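# What the coordinates show
Now for the letters of each chain:
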Amino acid sequence: MNMEAFCLGCGGMMPLPYRHLTSMLLRRDGDLFLFDGGEGTQVSLRRLNLKWKKINAIFVSHTHADHITGLPGIMMLSAQVDRTEPLYIFGPPKIAEYIETSRRVLDMYINYPVVVKEITAPCVCYEGDGFYIRAFPLQHTKTCVGYTLEELDRPGEFNPEKAEELGVPKGPLWGKLQKGEDVQAADGKIIHPSDVMGAKRSGRKFSFVTDTQYIPSIAREVQGSDLLICEGMFADDCADQAKEKKHMTARQAATIARDAKVSRMAMIHYSPRYTDRDLDVLLKQAQEVYPGAELCRDRMHFEIPYVD
């Protein structure tokens, strides 16, 4: 089962000619999940030829304009196709008011169900086949949440030689064992899945954190992520400004990645003060703490493979 992420935009505060506003798309087989949607998000979706009309759910970190002004366009575009599945939108308080007001003032034509759910406490806000998405609190100038998508453990590997040795012939009985069911061998003995299956294997974890001051609890929430997308808005010389505006420096983002023992971390939501050439300063400072730190760039693609 494939899992991959696409950076639709990596900028903060305002769009630039070479940098769209913060937005990530996560694809897990046929499921598509959008995390934030700043102004012009659909431009990157189109350039990457991603099937935006298949988006299952949108997860909003907070209701500042640079994270939500792309949502009305996405909602209206989705009405131009034969969509019957609901579009779920999750976010902190006021996201429902924003969606409803936008629909009313823009006189949107929406021909599919829109389900808006506000997050007021840490929770599992979305569940699917073999995974769930959890929301957790951040600390910004207004209510803000981070998200993790975490897969459930996978069954261990099936040992066909062991099954044959125990008298279970190849065929439907093997399938039952792999599904966790007991079966009866040719000699009448009951064979349990644990007799022929290896240890459970962990699933994958994706985390999205933006617009927050540094707090140690973030590392606990994103612990062990295969991919962490994390705000690294300022360099060290702007640490006071970051603290005042409740944002993070690149070094603080790297501290979270190090403490959480993530496999991969890429920074996002850069201040417009940094040109693309200036971003190397952020990268260097982050790599002093977490050597594997990377920079998100618009339309960058991340594979999220199984580790075993």
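Residues numbered from 1 in each chain as written. Predicted model: local features only at pLDDT ≥ 70, side-chain atom pairs only at ≥ 80, totals over all residues. Heavy atoms only, no water.

## Re the overall build of the protein chain
Applied cut-off: The helix and strand labels rest on DSSP assignments: H or I over at least four residues marks a helix, E over at least two residues marks a strand, and numbering proceeds from the N terminus. Only protein chains enter the accessibility calculation, which uses a 1.4 Å probe; a residue whose area is less than 20% of its type maximum is buried, one above 50% is exposed, and one in between is partly exposed. Throughout, a contact is declared for two residues whenever any of their heavy atoms are within 4.5 Å. All accessible-area figures derive from a Shrake-Rupley calculation using a 1.4 Å probe, and residue coverage is judged against the displayed protein chains alone. Counting rule applied: Lys, Arg positive; Asp, Glu negative; His and chain ends not counted. To locate a charge, take NZ of a lysine, CZ of an arginine, CG of an aspartate or CD of a glutamate.
Along the protein chain, the regular secondary structure elements total 11 helices and 16 strands. Its C-alpha atoms give the protein chain principal-axis dimensions of about 75 × 50 × 35 Å. Buried residues in the protein chain amount to 50% of all 308 residues. Counting only contacts in the protein chain whose residues sit at least 6 apart along the sequence, the fraction spanning at least 24 positions is 66%. Summed over its atoms, the accessible surface of the protein chain is roughly 14400 Å², and 49% of this surface lies on carbon and sulfur atoms. With 38 positive and 42 negative side-chain charges, the protein chain shows a separation of 2 Å between the mean positions of the two kinds.

## Here we look at helix H10 (residues 250-260)
Three or more residues of H10 are buried, namely Ala250, Ala253, Ala254, Thr255, Ile256, Ala257 and Ala260. Contact partners of the buried residues in H10: helix H8 (217-221), strand S13 (227-231), strand S14 (265-268) and helix H11 (279-287). In the stretch just after H10, lysine 261 is the one whose phi turns positive, near 55°.

## Observations concerning the pattern of salt bridges
The criterion, for reference: Here, a salt bridge means any Lys or Arg side-chain nitrogen found within 4 Å of an Asp or Glu carboxyl oxygen.
According to the stated counting rule, one finds 13 salt bridges in the structure shown. Measuring nitrogen to oxygen at the nearest pair gives 3.9 Å for the salt bridge that ties lysine 205 to glutamate 150. Residue lysine 205 is found in strand S12 (residues 205-209), and its partner glutamate 150 is found in strand S9 (residues 145-151); the two are separated by 55 residues along the sequence. A residue is classified by how much of its surface remains accessible, and glutamate 150, at 26% relative accessible area, is partly exposed. The partner of arginine 264 in a salt bridge is glutamate 294, with the nearest N and O atoms 2.6 Å apart. With arginine 264 in the loop between H10 and S14 and glutamate 294 in strand S15 (residues 294-295), this pair connects stretches of sequence that are 30 residues apart. Through salt bridges with shared partners, one network takes in Arg19, Asp276 and Arg297.

## Quick notes on unusual backbone geometry
At lysine 94, a position not held by glycine, the phi torsion is positive, near 90°. Relative to the elements of secondary structure, lysine 94 occurs in the loop between strand S5 (87-91) and helix H4 (95-105). In this structure lysine 94 comes out as exposed when scored by relative accessible area, which is 53%. Backbone geometry at lysine 261 places phi at a positive 55°, although glycine is not the residue there.

## Some words on the pairing of strand S8 (residues 131-137)
Rule in force here: Any two strands with at least two DSSP bridges between them are considered paired.
Pairing of strand S7 (residues 123-128) with S8, which is carried by five bridges, proceeds in the antiparallel orientation. Directly across from glycine 128, in S8, lies its bridge partner phenylalanine 131. Following S7, the chain reverses through two residues before pairing antiparallel with S8; glycine 130 in that reversal takes a positive phi of roughly 85°. Across seven bridges, S8 lies against S9 in antiparallel orientation. Across the sheet, isoleucine 133 pairs through a bridge with leucine 149, a residue of S9.

## Brief notes about the side chain of arginine 154
Where we set the bar: In the analysis that follows, any N or O atom pair within 3.5 Å is treated as a polar contact, provided that within protein one partner can donate a hydrogen and the other can accept it, and provided that, for residues neighboring in sequence, both atoms belong to side chains.
By the secondary structure assignment, arginine 154 is in the loop between S9 and helix H5 (160-165). Here arginine 154 falls in the buried class, since its relative accessible area comes to 14%. In terms of polar contacts, arginine 154 uses its side chain to reach the backbone carbonyl oxygen of serine 202, at 3.2 Å. With residues up to four places along the chain from it excluded, the contact list for arginine 154 reads Lys200, Arg201, Ser202, Gly203, Tyr306 and Asp308.

## Quick notes on the sheet that holds S15
Sheet strands line up and pair through hydrogen bonds in the backbone, either parallel or antiparallel. Reading across the sheet, the seven strands line up as S7-S8-S9-S12-S13-S14-S15 and stay open at both edges, with mixed pairing between neighbours. Single-partner strands in this sheet number two, and they are S7 and S15.

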